[in-house]
There are 2 protein chains.
Amino acid sequence: MTLRSTLDFLLYDWLDAQSLTARTRFADHSRETFDAVLDTCERIAREKYAPFNRTVDIEEPHFDGEKVILPQATYEARKAYAESGLLSAAQDYEVGGMQLPYAVEAAANSFFAVASISIGSNLLTSGNANLLMVHGTEAQKQVFALNEFNGRWSGTMCLSEPQAGSSLSDVATRAVPDGDGFEADPLGARYRLTGNKMWISSGDHELTENIVHLVLAKIPGPDGKLVPGTKGISLFIVPKKLVDTEGKLTGVRNDVALAGLNHKLGWRGTTNTLLNFGEGRFPVEGKAGAVGYLVGQPGKGLHCMFHMMNEARIGIGMAATMLGLAGYYASLDYARNRPQGRPVQGPKDGAAAVVKDAAQPQVRIIEHADVKRMLLAQKSYGEGALALNLFCAKLVDEQHTGDAATADEARLLLEVLTPIAKSWPSEFCLEANSLAIQIHGGYGYTRDFPVEQYWRDNRLNMIHEGTHGIQAMDLLGRKVLMEGGRGLQLLAGRINATIERAIQVPALAAHANALGKALQDVGAATKAAWATGQPADALANAVPYMQAFGHTVLAWVWLDVALATLARDADLAQPASVGRMGGMRFFFHYELPKIGAWLQVVSTRDATCAAFPEEAF
Amino acid sequence: MTLRSTLDFLLYDWLDAQSLTARTRFADHSRETFDAVLDTCERIAREKYAPFNRTVDIEEPHFDGEKVILPQATYEARKAYAESGLLSAAQDYEVGGMQLPYAVEAAANSFFAVASISIGSNLLTSGNANLLMVHGTEAQKQVFALNEFNGRWSGTMCLSEPQAGSSLSDVATRAVPDGDGFEADPLGARYRLTGNKMWISSGDHELTENIVHLVLAKIPGPDGKLVPGTKGISLFIVPKKLVDTEGKLTGVRNDVALAGLNHKLGWRGTTNTLLNFGEGRFPVEGKAGAVGYLVGQPGKGLHCMFHMMNEARIGIGMAATMLGLAGYYASLDYARNRPQGRPVQGPKDGAAAVVKDAAQPQVRIIEHADVKRMLLAQKSYGEGALALNLFCAKLVDEQHTGDAATADEARLLLEVLTPIAKSWPSEFCLEANSLAIQIHGGYGYTRDFPVEQYWRDNRLNMIHEGTHGIQAMDLLGRKVLMEGGRGLQLLAGRINATIERAIQVPALAAHANALGKALQDVGAATKAAWATGQPADALANAVPYMQAFGHTVLAWVWLDVALATLARDADLAQPASVGRMGGMRFFFHYELPKIGAWLQVVSTRDATCAAFPEEAF
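Residues numbered from 1 in each chain as written. Chains lettered and ligands numbered in written order. Predicted model: local features only at pLDDT ≥ 70, side-chain atom pairs only at ≥ 80, totals over all residues. Heavy atoms only, no water.

(A) Spotlight on the relation of the copies chain B and chain A. Screw-axis analysis of chain B against chain A gives a translation of 0.0 Å along the axis, an RMSD of 0.0 Å, and a rotation angle of 180°. Such a turn and shift between the copies fits a two-fold axis. Considering only C-alpha atoms, the residue of chain B closest to the rotation axis is Lys594(B), which sits at 3.2 Å. When you check the interface residues of chain B against chain A, 100% turn up at the interface there too, and the contact is symmetric in its surfaces. (Least-squares fit on C-alpha atoms with pLDDT ≥ 70 in both. Contact = heavy atoms within 4.5 Å.)

(B) Here's a closer look at helix H6 (residues 122-135) of chain A. Residue and element names in this part refer to chain A. With 14 residues, H6 ought to run about 20 Å at 1.5 Å a step, and its terminal C-alpha atoms sit 20 Å apart, in line with that. When you tally the buried positions in H6, you get eleven out of 14 residues, the bulk of the element. Residues Asn-122, Thr-125, Ser-126, Gly-127, Asn-128, Ala-129, Asn-130, Leu-131, Leu-132, Met-133 and His-135 constitute the buried set of H6. (Helix = DSSP H or I, 4+ residues; strand = E, 2+ residues; numbered from the N terminus. Expected span 1.5 Å × (residues − 1). Buried < 20%, exposed > 50% of the residue type's maximum accessible area, 1.4 Å probe, protein only.)

(C) The arrangement of the side chain of Arg580(A) in detail. Residues and elements named next belong to chain A. Here Arg-580 shows up in helix H18 (residues 575-591). One buried charged side chain, Arg-580, makes no salt bridge at all; its nearest oppositely charged neighbour is Glu-383, positioned 5.8 Å away. Once residues lying within four places of it in the same chain are set aside, the contact partners of Arg-580 are Phe-9, Lys-379, Glu-383, Trp-558, Val-561 and Thr-565. (Lys, Arg positive; Asp, Glu negative; His and termini not counted. Salt bridge = Lys/Arg side-chain N within 4 Å of Asp/Glu carboxyl O.)

(D) Broad picture of the nonpolar core. Within the largest apolar cluster, 308 residues are counted, with the highest numbers of intra-cluster contacts made by Phe549(A) and Phe549(B). In this structure Phe549(A) touches Val416(A), Ile420(A), Leu475(A), Val480(A), Leu488(A), Leu491(A) and Val522(A), once residues within four positions along its chain are discounted. (Core = buried A, V, L, I, M, F, W, Y, C linked by side-chain atoms within 4.5 Å.)

(E) Examining the interface of chain B and chain A more closely. Taken together, the contact between chain B and chain A spans 106 residues of the former and 106 residues of the latter. There are eight salt bridges connecting chain B and chain A. Arg342(A) is paired through a salt bridge with Asp170(B); the nearest N and O atoms lie 2.5 Å apart. Residues of the side of chain B that touches chain A, tallied by class, amount to 51 nonpolar, 32 polar and 23 charged. (Nonpolar A, V, L, I, M, F, W, Y, C, P; charged D, E, K, R; others polar.)

(F) View of the layout of surface pockets. Residues and elements named next belong to chain A. Its boundaries defined by the atoms lining it, the second largest pocket holds a volume of some 480 Å³. Taken together, 22 residues make up the lining of the second largest pocket; nearest its centre are Ala-50, Phe-111, Val-114, Ala-115 and Tyr-329. Mapped onto the lining of the second largest pocket, the elements with two or more residues apiece are helix H1 (3-14), helix H2 (31-49), helix H3 (53-58), helix H5 (102-115), helix H9 (309-337) and helix H12 (451-458). Classifying every residue of the lining of the second largest pocket gives 13 nonpolar, three polar and six charged. Both of domain 1 (1-120) and domain 3 (318-343 + 359-414 + 423-460) provide at least three residues apiece to the lining of the second largest pocket. (1 Å grid on protein atoms, 1.4 Å probe; cavity = no way out; pocket = protein on both sides within 12 Å on 5 of 7 lines; lining within 4 Å. Points joined across faces, edges and corners; volume = space filled by probe spheres on them. Domains from an automatic or database assignment.)

(G) Representation of the UniProt feature "domain: Acyl-CoA dehydrogenase/oxidase N-terminal" (unreviewed entry) in chain A within the structure. Residues given the UniProt feature "domain: Acyl-CoA dehydrogenase/oxidase N-terminal" (unreviewed entry) here are residues 34-143 of chain A. Along residues 34-143 of chain A, the helical share is 63% and the strand share 4%, with 29 Å between the first and last C-alpha atoms. (UniProt positions renumbered as here; feature names shortened; annotations may be inferred.)

(H) Representation of unusual backbone geometry. All names here are of chain A. Of note, Glu-285 is a non-glycine position whose phi angle comes to about 55°, a positive value. Tracing the sequence through the fold places Glu-285 in the loop between strand S11 (272-277) and strand S12 (290-295). Relative accessible area serves as the criterion here: at 60%, Glu-285 is assigned to the exposed category. Unusually for a residue other than glycine, Arg-605 sits at a positive phi of about 50°.

(I) Broad picture of the domain arrangement of chain A. Residues and elements named next belong to chain A. Its domain assignment divides chain A into domain 1 (1-120), domain 2 (154-298), domain 3 (318-343 + 359-414 + 423-460) and domain 4 (467-617). Each partner contributes residues to the interface: domain 1 has 26 residues there, and domain 3 has 28 residues. For the pairing of domain 1 and domain 3, the buried interface totals around 2,300 Å² over both sides, and the portion due to carbon and sulfur atoms is 64%. Viewed at the interface, domain 3 and domain 1 are joined by three salt bridges. (Buried area = accessible area lost by both parts, 1.4 Å probe.)

(J) Structural context of the pattern of salt bridges. All names here are of chain A. Scanning the entire structure with this criterion turns up 92 salt bridges over all chains. Between Glu-138 and Lys-141 there is a salt bridge, with its nearest N and O atoms 3.4 Å apart. With Glu-138 and Lys-141 both in helix H7 (residues 138-149) and three residues apart, the pair spans about one turn of that helix. Glu-138 gets classed as exposed once you look at its relative accessible area, which sits at 52%. Taking relative accessible area as the criterion, Lys-141 reaches 18% and is therefore assigned buried. Here the salt bridges share partners, and the residues they tie into one network are Arg-4, Asp-8, Arg-31, Asp-35, Asp-39 and Glu-42.

This is the structure we're talking about:
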């Protein structure tokens, strides 16, 4: 099936996205307007992204001493994306936005991701500007956010530092008031920032006239010391080039200097940088420190940043998913066209040996059962992950536009599901990419085929936007406990509702029972993990817990998708329906049983790893 | 633990390799001579291989129109390796060999593999020459094999063709007699070969004065047609440059032309080529076809080639293993030195939330339980795989030098274990490399650290020397059935012997029971898979079968290693002993339970994949 047909089924037949048009915010929309957005994005991605995916891998960004050099294709892809209007898809009409549901926006962005994941970093720019629309002053919105939405400028998120990768409490970038009257600057309270930021995507380039950095930093207390922990963190706008209140460049370079480009395993279309703020290379008005404007309240920086966290993490889950599907489509095409080998035949004359008749012509490799297994695994991982991520994207819409009870449920479900939406595709769609290589045999190991790049690109997704380990701690250490476990109960309720419907369908009853058992097992393991009340006991096996939790969620998603499939095509008259039922069965037969091994160590609070002495490694 | 200390334990304490010196062939050896070889190889690998592993990745081989260009480091590494004498380690003293047991040779080669897997392709040269010592004529041994052993020339294996990757029955390279008297050539019956060979490692370069290609080709029948299937395949020596009976170059280039270098994901220190034989670029004596000399009997080419198959596949298993351990050592070093984050603490005031005290200094990441988990997984995979491969290497020695009954048992055990020795490390030590990246966080995704290269290099091992799917078909379709299932029974006997010893040791009894259960499950699944007698039913899930089989074998190896550990250090006074017991426990707690999910689809002959219609993908 094509990506478009899969998206159409999931969005409209499964998630009923068109029902969102009954909400005031989306009232001017219809399935037709949604489709028009999808059509446009599919076309731009096909024309401006897909042909250049290998180009941006080969022509890695480099710094010539003055500027960061990127391939011409990147400029053109960015221009086309900005012109599509997607940068401000979620925004109000009055600021030039589309008031598009997030579920549709996510689906639209999937075309770019499957075509070339790294050619743009537009989601960062959107995320940056969306954040400013919520937490910024009027002037900050007008000057910074709107110029990001219209494509003139781009945005970054500057969180990590060399000594503080995943540990934001150790942020050491300092922000001090910029002289008398610092609070009166029309662009926001004006500070001077000094510090180094690591892993900054799109941190420097010439793609846009200016770059709007959103920077986490700490304002020293009266004693001049930084407050330990995350409570001391504030958020600042630090433009690469200073601007006036009209959004015009003043001609003054801010003191933000590129300290280095990271040379990566993949995802090479996007620059990744080490930036030095206030090191003195570009002093402003002869004073130390990069100029930054406070966003929101002092000490509330993480709060502002985490506001966008669910969407950012769903974005990573979608990226991983689309790389998984890209490999699936590529290996499916290869398997349909590559002749090699012959089917095994029954034993002759009672001999057990496997017989192949070399006088027969070779068959296409898609006819081999093991190749089918590798294709079906990819389909099951990729389409399952896509369904989960679109489900979560629609929850974002429910949270923003549903009635109070609906919105609150959506919020809580998102809290529990976001670690899965981010982690599960990043692990299993990476495995899908490995299977895509395997189907290609030796050819898959060469750079003449795209699959090795997908695999390299996808390896990032378990690392950025919160590592696998951090997602697992978030899930088992926070999300399943919060509000007295209400999020987990809500999710269990949704899963049980699907089970109750499926158990009445003969083709699904066994799977419904298997899912019910899995849900019980996850619930029991959650309790067992926390039986001592000690985080160190519970969280030692947080990752296996998350793997089992994720597989259970995916089994639920597949069962629910199967119900929607049968509701639409009970006779399975269409190949797409047969395919979805097969993808569901694969997941229940080959994947769901794996949770037993993962949960066993969780339930017993296995201390093999935690108690292992360092000197014994 | 260092690689050397692990090798010492496995070779001497576990496998009792020194007992081999009681055999006539190895009578001049002692632990001291073995150690001297290990010392030498460890030193050469440290000096000539390790410092250049990234160099050969960056300075990929390229063809300047005349010659293949390789980094200078590759020349020096090859020279040092040849001077070590390891190329002929297995050979008789009288031809300059060491008469070294294969187990010790494999251990010695592991130092090169861990330092830089792709810088040399010496195992191919050894394998080529060793084959000629068994199947070649006296003249072929003297002229070709001995000049490979002494380092003057190198060797290749030319099996695959562009249209026949894994399917050797479709080899289309033709070999026709080279005129009257072709059988009288002193170097062997002389043929002219025409055809294309793909994926030829070290197929062209200037590292050695000459290259000795061993080429599979078919001699047409009287009707001029090639016999379908593998029976028609013969083996030929095709030197890049023609030589006389003294081994001197005649100055005549043979008609072997480099048609292309493959540009690979990893393993870039070794050229990989498409070679055209007899395309007419270098005509010899004005006639068509590359000159080749028949090795062994016509039609017995695969028999000659497969003679070396077990050792070649163990070689790949060792390569995958050493890449896994290289990543383990690198990430262990990183985890010991990188400060980041703080340990989780118990809840305060009854609140369930996880507490971290930001005022405390950061800890090194090795103190985090999840990092320990990722390290212990790598240790358990890598050291377990090393143990299995050394066990198989010693079986090669038993096969060659044991008494008749021992040799026959060793042969049969090797038949069953070789698919595991090759496939298991290539899958799970690749996973280990992914964990090594994960431990490094963002740094692991950059080319500033070695782990991303290990991961790329290791991805090859599931593909070459028989893909994962082919190993699985070999295991379930042939090896567990052959000789009435005697190989499987032999292996079960060995596993049960370990279980019987372990069950008497309190610390191991539970694991012994778990292994006994796993062995029963694998046996039952084997029967169930073949219950219909139809290969198509049995083999549809051959890969999950192989995964479960492999995990059971690895659990056995770990349990046996644990017995040897306790035999030497019952009080676990040494960190190394504690480490091995932890590695064993990890495997039994976290890994062995996974076999249930794999075997379920085997036992039910699950047809979800095989029956999936192509149009539904």
